[in-house]
Amino acid sequence: MKNRHSRFDMFVIGFALFSMFFGAGNVIFPPFLGTGSGSQWGLGFACYYLADIGLALVALFSIFHRGSAEKIMEPVGRVPATLLMCAIVLCIGPMLAIPRTAATTLEMSVTPLLGSTNSWVFAAVFFAIVFVCAVRENSVVDIVGKLLTPMLLIGLLILIVKGVLDPLGATDTAPQIESVAAEGIKAGYQTMDVLATMLFGVIILKSAESKGYTEHAEKRSIAINASLVAGAILLVVYGGLTYLGATVSSTYNMSMGRTSLVLALVEGLLGRAGTIIFAIVVALACLTTAVGLVSACAEYFSNLSNGRLSYVGLVTAICVFSAVVSNVGLDQLIGIAAPVLDVVYPPTLVLVAMSFIPGISKLSIRFATVAALIVSTLGAVATYAQVDFLSATLSYLPMSALGFGWVIPAVVFALIGFAIKHSDEPKA
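How each quantity is defined
Once a new chain begins, its residue numbering starts again from 1 and follows that chain's sequence as written. Totals for whole chains, interfaces and linings use every residue, but because this is a predicted model, local features are given only for residues with pLDDT of at least 70 and side-chain atom pairs only at 80 or more, for both listing and counting. Hydrogens and waters are ignored; side-chain quantities use all the structure's heavy atoms. Only runs of H or I of at least four residues qualify as helices and only runs of E of at least two qualify as strands under DSSP, and these elements are numbered from the N terminus. With C-alpha atoms as the basis for the radius of gyration, the globule rule is written as 2.2 Å multiplied by the number of residues raised to the power 0.38. Only protein chains enter the accessibility calculation, which uses a 1.4 Å probe; a residue is then buried when its area is under 20% of its type maximum, exposed when over 50%, and partly exposed in between. Residues count as neighbours in contact if any of their non-hydrogen atoms are within 4.5 Å of one another. Under the convention used here, a 1.4 Å probe and the Shrake-Rupley method define accessible areas, while residue burial counts only the protein chains that appear. By the counting scheme adopted, Arg and Lys are positive, Glu and Asp are negative, and His together with the chain ends is not counted. Charged side chains are reduced to one point each, which is NZ for Lys, CZ for Arg, CG for Asp and CD for Glu. As used in this record, nonpolar core signifies buried Ala, Val, Leu, Ile, Met, Phe, Trp, Tyr and Cys residues forming a set joined through side-chain atoms within 4.5 Å. In this analysis, the expected span of each helix is defined as 1.5 Å times one less than the number of residues it contains. The bend at a residue is defined as the angle formed between two axes, one fitted to the seven residues ending at that residue and one fitted to the seven starting there. What pLDDT conveys is the predictor's confidence in a given residue, as a value from 0 to 100. Each reported salt bridge corresponds to a side-chain nitrogen of Lys or Arg within 4 Å of a carboxyl oxygen of Asp or Glu. Note that a disulfide, as used here, is simply two cysteine sulfur atoms within 2.5 Å.

Moving on, we come to the overall build of the chain. Summing up its helical and strand segments, the chain has 17 helices and zero strands in all. The C-alpha atoms of the chain give a radius of gyration of 21 Å, which matches the 22 Å a tight globule of 428 residues would have. By its C-alpha atoms, the chain is 75 × 55 × 45 Å across when sized along the principal axes. Residues classed as buried in the chain amount to 53% of the 428 residues present. In the chain, of all internal contacts separated by at least 6 residues, the share reaching a separation of at least 24 is 84%. Carbon together with sulfur atoms contributes 67% to the accessible area of the chain, which is approximately 17900 Å² in total. Computed over 22 positive and 22 negative side-chain charges, the inter-centroid distance for the chain is 10 Å.

Listed below in structure tokens is the structure:
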């Protein structure tokens, strides 16, 4: 009975984690990537999945191993760790990711069905629903895991199965993008799932604990298995959506935009009925992600203030602020997110990776994190401020074309920190 009960809990938590991850970006990026990749859609999908869920699972396992995101970041010092966590929370919270869920729902669910809709009115309704779901902190995982996720999966599977059995076209066209691998990695970054993991991990551990798994090993086992369930579901869904995009690569090009491309693809597969189904799928995906993010952000800032800021008050403030920001529009929010993510991702990934290395010194971690931050910041300046000299210089770094130019500097500076640490130790 206990094994059956634990398996049930594992799937409920896993479904909830899937629905938290599968939000605004996860709907629009895979089909767009597939269309641009053409015959190389498999490569694009693999790079997208590894940069998104692959890294997110590593981050989750790191949190399960260390106990919290704060413990992963504490080697860099209390103030830098707090600043980085606040930057992450704001990125995946009210500044970018949460407003994007509302903007995506408006453009891909409401407008295609109802026509032009006042964005302010819609934002108010959307975040009122999010507030109702998120305000009961302990019920967030059960709400999305037992109710919303099955509905979301059914809609997605209808779309994917129809597209596989009766594809709109062949997938043997030449890629429309210069580097399929690099675009796949960038699209994976844009979902912000790795950053969201730094907060989702806490929700998953708390949910396992609330279901009676209080022993550390037992709680971690349930959390890890639930993460693998979510990863497996996302593997199928992402692969299917990327393939669907590839089937229209000879019909559509990248200039029509993510939203228009996906809507055209869905209507081509299922007609008006498909548009309605997809509108429901997008709305559920964005709603579940918004609920998870609002709850996680409110929990973080409440803990950071030692309870002086109430959870309910923070949920209210985040929903109101996100409703205002969501009126910027989807494409604008994606554009704003790109340089911010280019800077925040590398130091976060360094801290996650180095949390698995036993006995590593704080000095090595600090040196590596600073190196990654410097290189990623210079890369963002070179790319978005179009500084040609800086771009040319950074291009000499290994893996820079894939967005991983910061890796070798981080490794080198970690070794420098190791050497300095050991040179200061007294000789026997």
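One broad trend across soluble globular proteins is that nonpolar side chains are buried collectively. Counting 130 residues, the largest nonpolar core has Phe22 and Met198 as the members making the most contacts within it. Looking at this core element by element, the count peaks at 21 residues for helix α12 (residues 258-304). Contacts of Met198, omitting those with residues within four sequence positions, involve Ala59, Ile63, Ala69, Ile72, Met73, Met85, Ile88, Thr348 and Val352.

Further remarks concern helix α3 (residues 41-66). When the terminal C-alpha atoms of α3 are compared, their 36 Å separation across 26 residues agrees well with the 38 Å that a helix rising 1.5 Å per residue should span. Of all the bends in α3, the greatest measures close to 35° and is centred on Leu50. One or two residues past the end of α3 sits Gly67, with phi positive at roughly 105°.

Most of helix α9 (residues 180-190) sits out of view: nine of its 11 residues are buried. For α9, every residue scored as buried is listed here: Val180, Ala181, Ala182, Gly184, Ile185, Ala187, Gly188, Tyr189 and Gln190. Of the residues one or two after α9, Met192 is the one with positive phi, at around 65°.

Our next topic: the confidence of the model for the chain. As a general rule, the predicted coordinates of low-pLDDT regions are not to be interpreted in detail. Predicted confidence across the chain gives a mean pLDDT of 84, with 93% of residues reaching 70 or more. Here helix α8 (residues 140-165) stands out as the element of the chain with the lowest mean pLDDT, 72, in contrast to helix α13 (residues 311-325), whose mean of 93 is the highest.

This brings us to the pattern of salt bridges. Summed over the entire model, instances satisfying the criterion amount to one salt bridge. Between Lys162 and Asp166 there is a salt bridge whose closest N-O contact spans 3.2 Å. When its relative accessible area of 28% is taken as the criterion, Lys162 is described as partly exposed. In this structure Asp166 comes out as partly exposed when scored by relative accessible area, which is 45%.

The next thing to look at is the state of the cysteines. Under the criterion given, the structure shown has zero disulfides. Cys297 provides the cysteine sulfur closest to Cys91, a residue in no disulfide bond, and the two sulfurs are 10 Å apart.

To continue, consider the environment of Tyr238. Considering the arrangement of structural elements, one finds Tyr238 in helix α11 (residues 216-246). With relative accessibility at 0%, the residue Tyr238 sits in the buried group. Put simply, Tyr238 and Phe22 are 216 residues apart on the chain and 9.5 Å apart in space, counted from C-alpha to C-alpha. Among residues more than four places away in sequence, those in contact with Tyr238 are Phe22, Asn26, Pro30, Phe45, Tyr48, Tyr49, Asp52, Ile53 and Asp193.

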